[in-house]
Amino acid sequence: MTETAPGKLQEFAEILKPKEPLGPYTIFKVGGPAEFFAQPRTIQELSALVKRCHELSMPFRILGVGGNVLVRDEGVKGVVARLGAAPFVDVKAQGKRIRAGCGSSIAALIAAAARSGLGGLEPLVGMPGTVGGALRHNAGERSTEIGQFVRSVDVMDLHGNIQTREQDELRFSYRSSNLDDPVLLVAELELEPERSELIVKHLQKAWIERKASHPFSYQAAGRIFKNPPGLSAAALIEEAGLVGAKVGGAHVNERDANFFVVEPSSSARDVVRLIELVKTRVQEKFKTDLELEMSIW
Ligand SMILES: Cc1cc2nc3c(=O)[nH]c(=O)nc-3n(C[C@H](O)[C@H](O)[C@H](O)COP(=O)(O)OP(=O)(O)OC[C@H]3O[C@@H](n4cnc5c(N)ncnc54)[C@H](O)[C@@H]3O)c2cc1C
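What counts and how
- Residues numbered from 1 in each chain as written.
- Predicted model: local features only at pLDDT ≥ 70, side-chain atom pairs only at ≥ 80, totals over all residues.
- Helix = DSSP H or I, 4+ residues; strand = E, 2+ residues; numbered from the N terminus.
- Rg over C-alpha atoms; globule rule 2.2 N^0.38 Å.
- Buried ≥ 20, exposed ≤ 12 C-beta atoms within 10 Å, placed from the backbone.
- Contact = placed C-beta atoms within 7 Å.
- Near = placed C-beta within 6 Å.
- Nonpolar A, V, L, I, M, F, W, Y, C, P; charged D, E, K, R; others polar.
- Pairing = 2+ DSSP bridges.
- Axes fitted to C-alpha atoms, helices over the stretch in contact; angles between N-to-C directions.
- Domains from an automatic or database assignment.
- Expected span 1.5 Å × (residues − 1).
- Arc of directions from axis to C-beta.
- Core = buried A, V, L, I, M, F, W, Y, C linked by C-beta atoms within 7 Å.

Q: What exactly am I supposed to notice about the overall build of the protein chain here?
A: Per the secondary structure count, the protein chain includes six helices and 21 strands. Its C-alpha atoms give the protein chain a radius of gyration of 20 Å, within 12% of the compact-globule value 19 Å for 297 residues. Each principal axis of the C-alpha distribution contributes one length, and for the protein chain these read about 55 × 50 × 30 Å. The buried share among the 297 residues of the protein chain stands at 41%. Across the protein chain, every contact between residues at least 6 apart in sequence was considered, and the portion connecting residues at least 24 apart equals 64%.

In structure tokens:
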């Protein structure tokens, strides 16, 4: 850690990087640095860091794989932490239940479920993200949402204390949940026993459908808006004549207009301006407000 780091974070020097560019840690690959980027190695280390940030009134955020986050070019104040170390990525199945560290990938969760003969999560295959990011936004596809399988979540509060939030306290709705705690640590899900051949068949079908619509040929393409009730954001953008619309190095994807593609030469500002352009045109044409699905930091 450099001398610019506040002395009060000095004890975390081994896990903190000052002024770390966040673009490479997100799907869009643009945006400025985190004041401090942290990769805690243990739950105790994470707990102490969260507590210290709270004492210092320093913003603290968790970044998953940045599938749903656009970082502004100015970067973000405070600490941004990633839960990539072993204690945060463990996934274990027992009976119909799976306990998954919130730093583990959705792919790892689906793979563990499939290996254990547990079905239900297959429609989420191919979605980039961690379990934590998926819980926060109640990620889903068609009629399947991760929230429907969640039985409890271990969370960490601002003081670094861990609590378990049981199913009856949890609320999941379309691309949203009440899991707004500073850190989501471990989720327990309950799935349905299923024949392995059937799970593999479902995975293949879901993967083919996703490949057909998503712009996988691009390195940096992110999903932007929620679908307004009963409508499709992509269809509204398409019907507003915005397919291919461009601001700087960011453009509206041709396959699915709810994805923006961001060229390597681009900036977060281009993406923000393209969002504003699309929102304005859709509002003018259909009198419908498009709400962001992703977060802008
Ligand atoms: C090609 C593509 C396809 C996609 N398909 C889908 C889809 O089918 N369905 C869908 O719903 N979404 C989809 N998304 C959006 C995105 O992949 C998901 O929302 C995913 O769950 C985001 O997870 P993440 O780990 O990247 O979260 P991030 O984007 O890193 O973070 C999202 C939010 O969650 C918070 N967060 C993350 N982890 C934690 C944690 N452990 N504790 C506390 N807070 C946390 C972050 O602070 C942030 O506010 C897609 C995106 C892309 C680029």
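Q: So what exactly am I meant to see when it comes to the site of the ligand here?
A: As a structural note, the neighbourhood of the ligand is formed by 31 residues, with G64, G67, G129, G132 and G133 the closest of them. Going through the elements one at a time, strand 3 (60-62), helix 3 (131-137), strand 9 (140-141), strand 15 (183-190) and strand 17 (221-223) are the ones with two or more residues in the shell around the ligand. With five residues, the top contributor of residues to the shell around the ligand is helix 3. Grouping the constituent residues of the shell around the ligand by class yields 14 nonpolar, 13 polar and four charged.

Q: Just to check I follow, could you spell out the pairing of strand 7 (residues 97-101) for this structure?
A: The side chains of a regular strand alternate, residue by residue, between the two faces of the sheet. In the sheet, strand 6 (residues 91-94) pairs with strand 7 via four bridges, with the strands oriented antiparallel. Bridge pairing in strand 7 links V91 to A100. Turn length for the strand 6-strand 7 hairpin, with the two strands adjacent in sequence and antiparallel, is two residues, and the turn residue G95 shows positive phi of about 60 degrees.

Q: Would you take a moment to explain the sheet that holds strand 15 for this structure?
A: Sheet strands pair by backbone hydrogen bonding; their relative direction is either parallel or antiparallel. Strands sit in the order 6-7-15-11-12 across an open sheet of five strands; the sheet is antiparallel. Two strands bound the open sheet, and with one partner strand each, they are strand 6 and strand 12 (162-166). Each strand of the sheet is rotated relative to its neighbour by a mean of 15 degrees, with strand direction disregarded. Direction of pairing for strand 7 relative to strand 15: antiparallel, over a ladder of five bridges. Bridge pairing in strand 15 links G101 to V186. Helix-sheet contacts for helix 2 (residues 106-115) involve strand 6 and strand 7, and the interaxial angle to strand 6 is about 25 degrees.

Q: Looking at this model, I keep getting lost on the sheet that holds strand 18 (residues 246-247). Mind explaining?
A: Strand order in the open sheet made by the four strands is 17-20-19-18, with antiparallel pairing throughout. Two strands bound the open sheet, and with one partner strand each, they are strand 17 and strand 18. With three bridges connecting them, strand 17 and strand 20 (residues 259-262) associate as antiparallel partners. Note on strand 20: the bridge partner recorded for A221 is V261.

Q: Could you clarify how one ought to interpret the domain arrangement of the protein chain in this entry?
A: Size of an interface: often given as the accessible area lost when the parts come together. Here the domain parsing of the protein chain yields domain 1 (7-81), domain 2 (89-198) and domain 3 (215-296). Taken together, the contacts link 11 residues of domain 1 with 14 residues of domain 3. The class makeup of the residues in the side of domain 1 that touches domain 3 is six nonpolar, two polar and three charged.

Q: Quick question: what am I supposed to make of helix 6 (residues 268-286) here?
A: Count 3.6 residues to each turn of an α-helix, and residues three or four apart come out pointing the same way. Taking 1.5 Å per residue as the helical rise, helix 6 with its 19 residues ought to reach 27 Å, and the 27 Å between its terminal C-alpha atoms agrees with that figure. The set of residues buried in helix 6 consists of A268, D270, V271, L274, I275, V278 and V282. Down the axis of helix 6, the sector holding all buried residues measures 155 degrees, keeping them to one side. Looking at helix 6, the residues exposed on the side facing more than 90 degrees away from the buried face are E276, T280 and E284. Of the surrounding elements, those touching the buried residues of helix 6 are strand 4 (69-70), helix 5 (233-239), strand 18, strand 19 (250-252) and strand 20. Where helix 6 ends, the next residue or the one after it, K287, has phi of about 55 degrees, a positive value.

Q: How should the nonpolar core be read in this particular structure?
A: Of all hydrophobic cores here, the largest spans 86 residues; its most connected members are C102, L109, L135, A187, I237, F260 and V271. Leave out the neighbours within four places in its chain, and L135 touches C102, I146, V150, V153, S177, L179, L184 and A187.

Q: In this structure, what is going on with unusual backbone geometry? I would like to understand it.
A: Comment: phi is negative for the bulk of residues other than glycine, and the bulk of peptide bonds are trans. Positive phi outside glycine occurs at S57, with the angle close to 50 degrees. As for its position among the elements, S57 is in the loop between helix 1 (43-55) and strand 3. Classification of S57 by C-beta neighbours within 10 Å gives exposed; the count is 7. The phi dihedral of N138 falls on the positive side, at around 45 degrees, and the residue is not glycine. Structurally, N138 can be placed in the loop between helix 3 and strand 9.

Q: Would you take a moment to explain helix 1 for this structure?
A: With 13 residues, helix 1 extends 18 Å between its outermost C-alpha atoms, agreeing within 8% with the 18 Å of an ideal straight helix rising 1.5 Å per residue. Of all the positions in helix 1, only I43, L46, L49, V50 and C53 are classed as buried. Along the axis of helix 1, the buried positions cluster into a sector of 125 degrees, meaning they face one direction only. Turned more than 90 degrees away from the buried face of helix 1 sit Q44 and E55, all of them exposed. Buried residues belonging to helix 1 abut strand 2 (33-38), strand 3, strand 5 (76-81), strand 11 (150-156) and strand 15. Positive backbone phi, approximately 50 degrees, marks S57, located one or two places after helix 1.

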